[in-house]
Amino acid sequence: NRTVTGKNINGMGIGVFQILTDQPSGDPAVVAKHAETLGFASYWVPEHAVIPEGSCENYPAATPGEPPPDYLYKMPDPMIALARASAATSTIGLGTGIALVPERNPLLAAKEIASIDHYSGGRMLYGIGAGWNEAECTVMGGDFPRRWTQTKEAILAMKELWTKEEAEFHGRYFDFPPVRSYPKPAQKPHPPVILGGMARNVLRRIINIADGWLPNRVTPAQVEESRAKLDAMAAEAGRDPASITISVYGQEPDRTIVQSLLSAGANRVVVRPDYYDSEEGMGQELERMAEAVLR
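Undergrad: Would you explain helix α6 (residues 202-209) in this entry?
TA: It helps to recall that an α-helix has 3.6 residues per turn; residues three or four apart then point in one direction. Among the residues making up α6, those that are buried are V202, L203, I206, I207 and I209. Tucked into the core, α6 has its buried residues touching α5 (147-163), β8 (193-196), β9 (212-214) and α7 (220-236).

Undergrad: Help me understand the pattern of salt bridges in this model?
TA: Proximity of charged atoms lets side chains of opposite charge pair with each other. Under the criterion given, the structure shown has 15 salt bridges. Residue R146 is joined to D143 by a salt bridge in which the shortest nitrogen-to-oxygen separation is 3.0 Å. Overall, the relative accessible area of 16% leaves D143 in the buried class.

Undergrad: Explanation requested: the nonpolar core in the structure shown.
TA: Considering soluble globular proteins, one finds that nonpolar side chains tend to be buried as a cluster. Formed by 66 residues in total, the largest nonpolar core has its most connected members in F40, Y43, Y126, M158 and I206. Broken down by element, this core gets its largest block of residues, six residues, from α5. Ranked by size, the runner-up nonpolar core spans eight residues in total, among them I19, L125, I194 and Y249.

Undergrad: Explain the environment of I194 here, please?
TA: Structurally, I194 can be placed in strand β8. The buried category is assigned to I194, whose relative accessible area is 1%. Between the C-alpha atoms of I194 and L94, which are 100 residues apart in sequence, the distance is 12 Å. Beyond its immediate sequence surroundings of up to four residues, I194 is in contact with W44, L125, Y126, G127, I128, G212, W213, L214 and R268.

Undergrad: Please clarify how a nonpolar patch on the surface should be interpreted in this entry.
TA: A cluster of nonpolar residues, V50, V139 and M140, forms a patch on the protein surface that exposes about 230 Å² of accessible area. Within the secondary structure layout, V50 lies in the loop between β2 (42-45) and α2 (78-88). Since its relative accessible area comes to 36%, V50 is described here as partly exposed.

Analysis parameters
Residues numbered from 1 in each chain as written. Predicted model: local features only at pLDDT ≥ 70, side-chain atom pairs only at ≥ 80, totals over all residues. Heavy atoms only, no water. Buried < 20%, exposed > 50% of the residue type's maximum accessible area, 1.4 Å probe, protein only. Helix = DSSP H or I, 4+ residues; strand = E, 2+ residues; numbered from the N terminus. Contact = heavy atoms within 4.5 Å. Salt bridge = Lys/Arg side-chain N within 4 Å of Asp/Glu carboxyl O. Core = buried A, V, L, I, M, F, W, Y, C linked by side-chain atoms within 4.5 Å. Patch = residues over 30% accessible without salt bridge, like charges linked within 9 Å, V, L, I, M, F, W, Y side chains within 5 Å. Areas by Shrake-Rupley, 256 points an atom, 1.4 Å probe, with all protein chains shown as cover.

Below, the structure is given as structure tokens:
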């Protein structure tokens, strides 16, 4: 019985994605506060630490025949962005869409995520992926051909750090002795880990290490089919199927699209704005989106 409102029956509902840039419209404190006031349930930001020159030819969302968008090169750090958003808001969820796990040391990432969750009162949503840009992944210390193995290790290490008074981990990529890492997240046992992508093994990876799925280019039929598969796989693994969420990301702010995805089994739909390089333009875009999908 899901409906198009700011928060649906599951308390998740409709979120909004912001393209982070260095332009005046980009202050997450301003945008997230406006989104919260309008009734959006969550606020999401992307990550690209650095973009090596000439490495964006395979950008998945590029328009054929056109260069990749300029904002790819101008993204501030998502954890800093969410910290700013947290300080300016009180109820809206704070999500990464997506954090590039192979590009961060899990000891530092775990502390950043736990700190945001701690100071926000348990509002962190850790949307993750392994990335598409091989040059970026490599220069940041990732093992691109085996980035999903590296991502799994990092998430398992972070869970140890989030949940244990003294945590240690011994793996191929990350190896550390007993350490203390504080603060612990406000959410127990930890903020939800929401795995992005449409890879062949994505649903199995979710059951193994994550708490939800964050697909982008997906149809209602695919959501419905995947929801059934996730339910069956979770039950087989001894997990509560209701604990595995589906958050469809980066959608057009269209009421029919949003409703069809929620009706197909999505718990959350995150809509994307057009890009504006002024605070006034971004504010008007948020209001237009709220009118389209929340009213």
